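Residue-level listing of the chains:
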Amino acid sequence: MPVKGLVIRFSRNHFTVRVGNEELQCGIKGKILKEAKGYYNPLAPGDLVEVENGQILALEKRRNEFARFNQKGQAPQLLAANVDLVLCVTSPAFPPFRPRFLDRILIQADAAEIPAAVVCNKYDLIGSRGVDSDVEERLSDFERIGCPVVRVSASTGEGLDDFRRFIRGKFSVLIGQSGVGKSSLVKALVPDIQIRTGAINEKFNRGNHTTTQSVLLDVPIHDVPIHDDPGHVGITRIIDTPGIRRFVPSGVQGEDLILYMREFASLAGKCDFGLSCSHQNESGCKVKEAVVAGHIHGDRYESFLRIRQDLSGSQVYPDYD
Ligand code: GDP
Ligand code: ZN
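Conventions adopted
Residues numbered from 1 in each chain as written. Chains lettered and ligands numbered in written order. Predicted model: local features only at pLDDT ≥ 70, side-chain atom pairs only at ≥ 80, totals over all residues. Heavy atoms only, no water. Pairing = 2+ DSSP bridges. Helix = DSSP H or I, 4+ residues; strand = E, 2+ residues; numbered from the N terminus. Donors = N, O, S within 2.8 Å, 3.2 Å for Na, K, Ca; no water. Tetrahedral: all angles 85-135°; square planar, octahedral: opposite > 155°, others 65-115°. Buried < 20%, exposed > 50% of the residue type's maximum accessible area, 1.4 Å probe, protein only. Axes fitted to C-alpha atoms, helices over the stretch in contact; angles between N-to-C directions. Parallel < 35°, antiparallel > 145°, perpendicular 65-115°, else oblique. Contact = heavy atoms within 4.5 Å. Nonpolar A, V, L, I, M, F, W, Y, C, P; charged D, E, K, R; others polar. Phe/Tyr/Trp six-rings, centres within 6.5 Å; stacked < 30°, edge-to-face > 60°. Lys NZ or Arg CZ within 6 Å of the ring centre and 35° of its normal.

Q: Any chance you could explain the pairing of strand E6 (residues 65-70) here in plain terms?
A: On a regular strand, one side chain projects to one face of the sheet and the next to the other, so that they alternate. Pairing geometry for E6 and strand E7 (residues 75-81), over six bridges, is antiparallel. Each bridged residue has a counterpart across the sheet, and for phenylalanine 66 the counterpart in E7 is alanine 80. In this structure, the hairpin formed by E6 and E7 is closed by a connection of four residues, where glutamine 74 is found at a positive phi of approximately 50°.

Rendered as structure tokens:
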């Protein structure tokens, strides 16, 4: 009899599937899943599958999928499936704050219809020397446009309780550049897991394939009612993904980009040149007017132009740190 299982990690064509309290190593029957054609990787953590005798027979229809465009493979690469929340992890410094990277993640989350939030780790560094003084201004602009921001420090523990409250009862995926402290945050949330943090990674584990895989983890926050269903106690889960250097949204066309940047979306088609406006030099451009009026942050406008160019270009960049 086939049973239902949850994909928690994979490496090439080997999948770890949780069935009840057991973890099974499985392959895909006949090597091909008809429901997962056209992807760089057929399954991702969060997928629900049917298994029998160590073989995956079928994939349950996904509620949503979070992917990016893999330029090497020229196909969408699935990072997570069936999640409630996308968490874009960033740091004010070391590595430098990169709001444009966050913009890309938020665009993908919006296109996939998954709520998203920014998690600014290393918040203990705010106000120190060498830390860009604009960081807080940019974080508040994300809040202004309706994206929640969690300020946290894995080192000092500041903000960790708020972070736990924010994710409890939900299934989240963590996305970020390497070095922002994703492993440190995961260790703070799931204290008894064995994952390596940066220092060790760099010395002994460079290029190790485990660092390029996503993994699903249960977070021990018990007996917490789910926000929209107070009678139901939810499990808190996260998917940790590898450090990503470059994120190209998948399944978004350049001409539709405006729809996936929330403070831009209502301006689509409103310019004097209508849908043919490139929002660059045209007169009567409502997007440029909104930038001048401060409704659109100059950085977000810059992001918009660059990402649109990326979405119509074919340059290949390195993918992982
Ligand atoms: P990852 O590559 O995103 O998984 O990052 P790591 O968790 O490996 O952390 C990278 C480096 O940042 C390590 O040297 C950590 O000690 C440091 N780090 C992590 N979290 C914090 C934090 O909240 N504050 C400060 N100041 N450093 C941190
Ligand atoms: Zn325009």
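So, next bit.
Q: How should the coordination of the zinc ion (ligand 2) be read in this particular structure?
A: Around a metal, the idealised angle for a tetrahedral arrangement of four donor atoms is 109.5 degrees; for an octahedral arrangement of six donor atoms it is 90 or 180 degrees. Within the protein, the atoms that donate to the zinc ion (ligand 2) are Cys271 (SG), Cys277 (SG), His279 (ND1) and Cys285 (SG), at distances of 2.1 to 2.4 Å. Considering all four donor atoms around the zinc ion (ligand 2), the spread of angles at the metal, 103 to 113°, places the coordination shape in the tetrahedral class. Of note, the donors binding the zinc ion (ligand 2) are all from one chain and are spaced C-x5-C-x1-H-x5-C. According to the relative accessible area criterion, cysteine 285 is buried, its value standing at 2%.

Q: How should the packing of helix H3 (residues 160-167) against helix H4 (residues 182-189) be read in this particular structure?
A: The relative placement of two packed helices is expressed as an angle between their axes plus a distance between the axes. Running from amino to carboxyl end, H3 crosses H4 at an angle of 80°, the nearest separation of the two axes being 11 Å. Relative to H4, the element H3 is oriented roughly perpendicular. Packed against H3, whose contacting residues are Leu160, Phe163, Arg164 and Ile167, the element H4 presents Leu185, Ala188 and Leu189 at the interface. Of the residues contributing to the contact of H3 with H4, the split by class is six nonpolar, no polar and one charged.

Q: In this structure, what is going on with the environment of aspartate 134? I would like to understand it.
A: Within the fold, aspartate 134 resides in the loop between strand E9 (116-120) and helix H2 (135-144). The exposure class of aspartate 134 is partly exposed, given its relative accessible area of 43%. With 37 residues separating them in the primary sequence, aspartate 134 and phenylalanine 97 have C-alpha atoms 9.4 Å apart.

Q: I keep staring at the pairing of strand E3 (residues 22-28) and nothing clicks. Help me out?
A: As defined by bridge partners, strand E2 (residues 14-19) adjoins E3 across five bridges and the pair is classed as antiparallel. Pairing of phenylalanine 15 across the sheet is with cysteine 26, part of E3. Where E2 folds back onto E3 in an antiparallel hairpin, the turn is made up of two residues, including glycine 20, whose phi is positive at roughly 60°. As defined by bridge partners, E3 adjoins strand E5 (residues 55-59) across two bridges and the pair is classed as parallel. Bridging across to E5, glycine 27 finds its partner in glutamine 55.

Q: What is the right way to read the packing of aromatic side chains from this model?
A: The geometry of an aromatic ring pair is captured by two quantities: the separation of the ring centres and the angle between the planes. Considering all chains together, one arrives at three aromatic pairs under this definition. Considering the side-chain rings of phenylalanine 264 and phenylalanine 304, the 5.1 Å spacing of their centres and the 35° angle between planes classify their relative orientation as tilted. Taken together, the residues phenylalanine 264 in helix H6 (residues 262-265) and phenylalanine 304 in helix H8 (residues 298-312) connect sequence positions 40 residues apart. For the pair phenylalanine 264 and phenylalanine 304, one class covers both residues: buried. Positioned above the aromatic ring of tyrosine 39, the side-chain terminus of arginine 62 is 5.7 Å from the ring centre. One residue, lysine 170, lies across the ring of phenylalanine 166, its end atom 4.9 Å from the ring centre.

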